[in-house]
Amino acid sequence: MFGKSNRKNGLPRDAAAPSPAFDPLPGAQLAGRIVLERLLGAMRDERGVHVESLATALGALAGRACQIAALEGLNSGAAQYRGLSLLTVGGANGDEYFVGDAINRPLAESTHSVWSLVAGAAQQHGAQVPDLNELFHHSASTLGGAEFGLPRFAPGTNAGGTPRSYLAMWEPLQAPVRQAAPRPEQWPVAYGLAVQNLFAMAKGQFDLGVLTRVVMDSAIATSKLKLPLPTPAHAGLPVQSEG
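Since the model is a prediction, treat every value here as computed from it, not as a measurement. (Residues numbered from 1 in each chain as written. Predicted model: local features only at pLDDT ≥ 70, side-chain atom pairs only at ≥ 80, totals over all residues. Heavy atoms only, no water.)

Caption draft 1: Focus on the overall build of the protein. Looking only at helices and strands, one finds 9 helices and 6 strands in the protein. Expressed as a percentage of its 243 residues, the buried residues of the protein come to 53%. When the accessible surface of the protein is summed, it comes to about 10,600 Å², and 51% of that surface belongs to carbon and sulfur atoms. (Helix = DSSP H or I, 4+ residues; strand = E, 2+ residues; numbered from the N terminus. Buried < 20%, exposed > 50% of the residue type's maximum accessible area, 1.4 Å probe, protein only. Areas by Shrake-Rupley, 256 points an atom, 1.4 Å probe, with all protein chains shown as cover.)

If you want it as structure tokens, here you go:
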């Protein structure tokens, strides 16, 4: 099936309670299946699917989903985002980054966060997962530098692209994702569930603990990287600039 290759502004808080008004799972489950199916088809070559590349792509897209969900949550005044912070900071490389606990909520703090779904699946399959605080510290320590956003793979393995390059897949996937899961708060859940489905397929063939690190290194990076938003509906959000 798979081909192989030769706090303040960064750390997550304790898990927060989910919004009682809406269950994101039903639509997100369908969207997650669609995402994985589309990526398996798009990334397959004569040797199969390169799993490190697929994990990197899913992580990158999950991070992008977290950023958009947080911006939408702040803009709409959603109860679960009240009092959460979001700042922009500049990097030495000229890029701008979002930092704050608003993005950390769908990324690592809520019941159905990307971290909860991905790490939970890896542990269910018997893997030892990386330390979440270390993942965030690594991202913060490389912010704006050449190493930022580069996942840490098992020795001798890598991916065919970077998390940033895999964001080109975001728009082609949006139509089917929106049809199954129309609300932005569902999108991080959908990509987290897509990773769960990948892990169920890859168990016994790959170290799911390492793949968890690859997914989360990618997701944390793209959740922070400030890029143009996909629709003008997200303009004018309450984002502060720092320095």
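Caption draft 2: Broad picture of the environment of Gly149. In this structure, Gly149 sits in the loop between helix H5 (132–142) and helix H6 (163–166). Taking the C-alpha atoms as reference points, Gly149 and Thr222, separated by 73 residues in sequence, lie 7.3 Å from one another.

Caption draft 3: Molecular detail of the nonpolar core. Leu39, Leu54, Leu58, Tyr191 and Phe199 are the most contacted members of the largest nonpolar core, which totals 61 residues. For this core, the secondary structure elements donating two or more residues are helix H1 (25–42), helix H2 (51–76), helix H3 (101–109), helix H4 (114–124), H5, helix H7 (170–180), helix H8 (187–202) and helix H9 (208–224). Here the element with the most residues in this core is H2; it accounts for 11 residues. By size, the runner-up hydrophobic cluster in this structure holds 11 residues, among which are Leu74, Phe98, Ala102 and Ile103. (Core = buried A, V, L, I, M, F, W, Y, C linked by side-chain atoms within 4.5 Å.)

Caption draft 4: Quick peek at the pattern of salt bridges. Under the defined criterion, the tally for this structure stands at 6 salt bridges. One salt-bridge network, in which partners are shared between bridges, spans Glu134, Arg152 and Asp217. (Salt bridge = Lys/Arg side-chain N within 4 Å of Asp/Glu carboxyl O.)

Caption draft 5: Spatial organisation of the packing of aromatic side chains. Under the definition given, this model contains 3 aromatic pairs. Between Trp170 and Trp187, the aromatic rings sit 6.0 Å apart at their centres with planes inclined by 70 degrees, giving edge-to-face as the arrangement. Of this pair, Trp170 sits in helix H7 while Trp187 is found in helix H8, placing the two residues 17 residues apart along the sequence. Trp187 carries the same exposure label as Trp170, and that label is buried. Here Trp170 and Tyr191 contribute two aromatic rings whose centre-to-centre distance is 5.9 Å and whose plane-to-plane angle is 25 degrees, an arrangement assigned as stacked. (Phe/Tyr/Trp six-rings, centres within 6.5 Å; stacked < 30°, edge-to-face > 60°.)

Caption draft 6: Broad picture of the packing of H4 against H8. For the pair H4 and H8, the least separation of the axes is 8 Å and the interaxial angle reads 10 degrees. By the angle between their axes, H4 is roughly parallel relative to H8. In contact with Val114, Leu117, Val118, Ala121 and Ala122 of H4, H8 contributes Pro188, Val189, Gly192, Leu193, Val195, Gln196 and Phe199. Tallied by class, residues from the contact of H4 with H8 come to 10 nonpolar, 2 polar and no charged. (Axes fitted to C-alpha atoms, helices over the stretch in contact; angles between N-to-C directions. Parallel < 35°, antiparallel > 145°, perpendicular 65-115°, else oblique. Contact = heavy atoms within 4.5 Å. Nonpolar A, V, L, I, M, F, W, Y, C, P; charged D, E, K, R; others polar.)

Caption draft 7: Spatial organisation of the packing of H1 against H2. With their axes 11 Å apart at the nearest point, H1 and H2 run at an angle of 135 degrees to one another. The angle between H1 and H2 falls in the class oblique. Of the two elements, H1 crosses H2, and the hand of that crossing is right-handed. Judged by residue contacts, Val35, Leu36, Leu39 and Leu40 of H1 engage Leu54, Leu58 and Leu61 from H2. Partitioned by chemical class, the residues of the contact of H1 with H2 number 7 nonpolar, no polar and no charged. (Left-handed = near helix turned anticlockwise from the far one by under 90°.)

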